[in-house]
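Letter by letter, the chains look like this.
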Amino acid sequence: MSDTTAVPIGIPTDRERIFELPPELENLRERRPIGRMVYGDGHVGWLVTSYSLARTVLADSRFSSRADLARIPVKLSAEAEQARKDIPPGVFHRMDPPEHTKYRRLLVGHFTVRKMESLVPDVERVVEDRLTAVEQAGPPADLMRDFAKVVPLHVVSQVLGVPEDEHDRFVRHVSVLFDQESAAEDVAAATRAIHTQFLEFVDSKKRAGAQEDVLGHLAGSGELPDEEVATVGMVLLTAGYESTANMLALGLLALLEHPDQRAKALSDPDRLERAVEELLRYLSVTHIGPIRTALQDVELGGEKVKAGDSVSIALPAANRDPQQFACPAALDIDNSPVGHLAFGYGVHQCLGQHLARHILRTSYAAVFRRFPALRLAEAAEDLEVCAAKPVLGVSRLPVVW
Ligand code: HEM
């Protein structure tokens, strides 16, 4: 029987329901776990949908992360395409080893499990302060705007070392940067403003002597020029903010929609830890990318990937692969989602994963402790899903209690 599966143009993201995989991805994984896909610039590259092939690509140094080689699986304007290629030094997640390794080595000590333990009181304070503000404003509340977007921003600012008195200005710029309603020129202006602010912080931290936070440490180490330290700050902010904000909001939505799972998750800390892993797998918010480019011809899953071909990994499809996970379409915290790929795999595996886990655990527990009768103010099917952005999310999370 011939395979009539159509070649997709870009990664399929259209969902019938928020928690269901796009049916096209389901179909591709079953029939063509590595298949052709048309990229935004017309390049005919590849899309990987199975767990085993996703892991293989992410672990294989014959596939590059370099920005100048990558094609994007969505159509970009001419300016966006140009901006994507004009990568300043310091954008380490778009480099390959050994250049990439130099930056990871400098940063890894700030994101260890141990380091995160020392942040526990800070994260708890940020979360409780936000919940107090939500409570005082009274129901209804939009937990996306008033909680999920605010908590990661405060925590990441603290890790980076944004000074207290600069915080409000910083938050204003970041809000423009990540607001989907912002015009392109406002986003560009906010990006420049944040970069300039990072340069100012670097300068004052150098004058004050090396400090504990990321920017202070990098500035004091003398290993990177100031411009690059500021760029690394931008990378951490952009990599960490939207993914954590959307994971927070979608995780709360999933727990609201699955009361039996919520009860289990909140019953003890071990189960909460497992619940966070299962939510990461089930939601797989990084739903467009990672993208790699073949540096040489590679045999993959019976296909010949040619040097220069781009390969996109559909993490939501890989994380619901029945060959790897039992009952993958269900949210079940008794499942053991060991080895899920929500944080990627290989040398580029998420640097901030322990921080993200910590924010999620603290937040889910605190929200339902503060508002035990929390419920959605609108039907889940009526919420607007932001499917076209690289990170899956909802535009609002309206709740009452
Ligand atoms: C739930 C929240 C998060 C999710 C789902 C997530 C997901 C991911 C994924 C899938 C990758 C791999 C990309 C690739 O292979 O090309 C990645 C890389 C990365 N993430 Fe996260 N992330 C989260 C939170 C954070 C946070 C809080 C930070 C830091 C503040 C962060 C910083 C990074 C960085 C710097 C990289 C690039 C690492 C490298 O190339 O060496 N992420 N993340």
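Look a little higher up for the structure.
Here we summarise the structure given alongside this text. (Residues numbered from 1 in each chain as written. Predicted model: local features only at pLDDT ≥ 70, side-chain atom pairs only at ≥ 80, totals over all residues. Heavy atoms only, no water.)

Next up on the list: helix α9 (residues 167-178). In a regular helix each residue adds 1.5 Å, so twelve residues correspond to 16 Å; α9 covers 16 Å between its end C-alpha atoms and thus fits that length. Residues of α9 that are buried: H167, F170, V174, L177 and F178. Here the buried residues of α9 occupy an arc of 85° about the axis, which is enough to place them on one side. Exposed residues on α9 whose side chains face more than 90 degrees from its buried face are D168 and R172. The secondary structure elements touched by the buried residues of α9 are α8 (150-160), α10 (184-208) and α12 (226-257). (Helix = DSSP H or I, 4+ residues; strand = E, 2+ residues; numbered from the N terminus. Expected span 1.5 Å × (residues − 1). Buried < 20%, exposed > 50% of the residue type's maximum accessible area, 1.4 Å probe, protein only. Arc of directions from axis to C-beta. Contact = heavy atoms within 4.5 Å.)

Attention shifts here to the packing of α8 against α9. The N-to-C vectors of α8 and α9 enclose an angle of 125°; their axes lie 11 Å apart at closest approach. The angle between the axes of α8 and α9 places the two elements in the oblique class. Crossing handedness for the pair α8 and α9: right-handed. From α8, L153, H154 and S157 reach across to α9, where they touch H167, F170, V171 and V174. Class assignment of the residues belonging to the contact of α8 with α9 gives a composition of four nonpolar, three polar and no charged. (Axes fitted to C-alpha atoms, helices over the stretch in contact; angles between N-to-C directions. Parallel < 35°, antiparallel > 145°, perpendicular 65-115°, else oblique. Left-handed = near helix turned anticlockwise from the far one by under 90°. Nonpolar A, V, L, I, M, F, W, Y, C, P; charged D, E, K, R; others polar.)

One open sheet holds the three strands; their spatial order is β4-β12-β9, and the pairing between them is antiparallel. Here the strands that pair on one side only, and so sit at the sheet edges, are β4 (141-142) and β9 (375-376). The pairing of β4 with strand β12 (residues 398-400) spans two bridges and is antiparallel. Counted as the bridge partner of A141 is V399 from β12. (Pairing = 2+ DSSP bridges.)

Turning next to empty space enclosed by the protein. What the rule picks out here adds up to one cavity of 30 Å³ or more. For the largest cavity, the calculated volume is near 60 Å³. Every residue lining the largest cavity is listed: R15, I18, F19, L250, R281, Y282, L283, S284, P316, R320 and L392. A breakdown of the residues in the lining of the largest cavity according to their chemical character gives seven nonpolar, one polar and three charged. (1 Å grid on protein atoms, 1.4 Å probe; cavity = no way out; pocket = protein on both sides within 12 Å on 5 of 7 lines; lining within 4 Å. Points joined across faces, edges and corners; volume = space filled by probe spheres on them.)

Here P97 and P98 are connected by a cis peptide whose omega angle stands at 5°. Secondary-structure assignment places P98 in the loop between α3 (78-85) and α4 (99-107). The amide bond that connects P139 to the next residue, P140, takes the cis arrangement and shows omega of -5°. Backbone geometry places S284, a non-glycine residue, at a positive phi of 35°. Within the secondary structure, S284 sits in the loop between α14 (269-283) and β5 (291-294). One non-glycine residue, C327, lies in positive phi territory at about 45°. Within the secondary structure, C327 is located in the loop between α15 (315-318) and α16 (353-370).

To continue, consider the pairing of β5. Residue alternation in β5 divides its side chains into two sets, I291 and T293 and R292 and A294, and both sets are buried. As judged from the two bridges shared by strand β3 (residues 63-64) and β5, these two strands associate in the antiparallel manner. Within β5, the residue paired with F63 across the bridge is A294. The pairing of β5 with strand β8 (residues 310-313) spans three bridges and is classified as antiparallel.

This paragraph deals with the environment of A249. By the secondary structure assignment, A249 is in helix α12. Considered as a pair, A249 and P225 are 24 residues apart in the sequence and their alpha carbons are 37 Å apart. Setting aside anything within four residues of it in sequence, one finds A249 in contact with M144, A148, V394 and L397.

Neither face of β8 is open: one carries S310 and S312, the other V311 and I313, and all of them are buried. Strand direction decides the pairing type here: strand β2 (residues 44-48) and β8, joined by three bridges, are parallel. Counterpart to V48 in the pairing with β8 is I313.

To continue, consider the layout of surface pockets. Estimated volume of the second largest pocket: approximately 480 Å³. As for the second largest pocket, its lining consists of 20 residues, of which L272, E273, H358, R361 and T362 are closest to the centre. Counting residues per element, the lining of the second largest pocket draws most heavily on α16, at seven residues. The class makeup of the residues in the lining of the second largest pocket is eight nonpolar, three polar and nine charged.

For the pair helix α11 (residues 214-221) and α12, interaxial distance at closest approach is 10 Å and the crossing angle is 155°. Classified by the angle their axes make, α11 and α12 are roughly antiparallel. Here α11 and α12 pass one another in a crossing that is right-handed. Residue-level inspection shows V214, L215, L218 and A219 of α11 in contact with α12, the latter providing V229, V232, G233 and L236. Grouping the constituent residues of the contact of α11 with α12 by class yields seven nonpolar, one polar and no charged.

What is shown is where atoms sit, not what they do.
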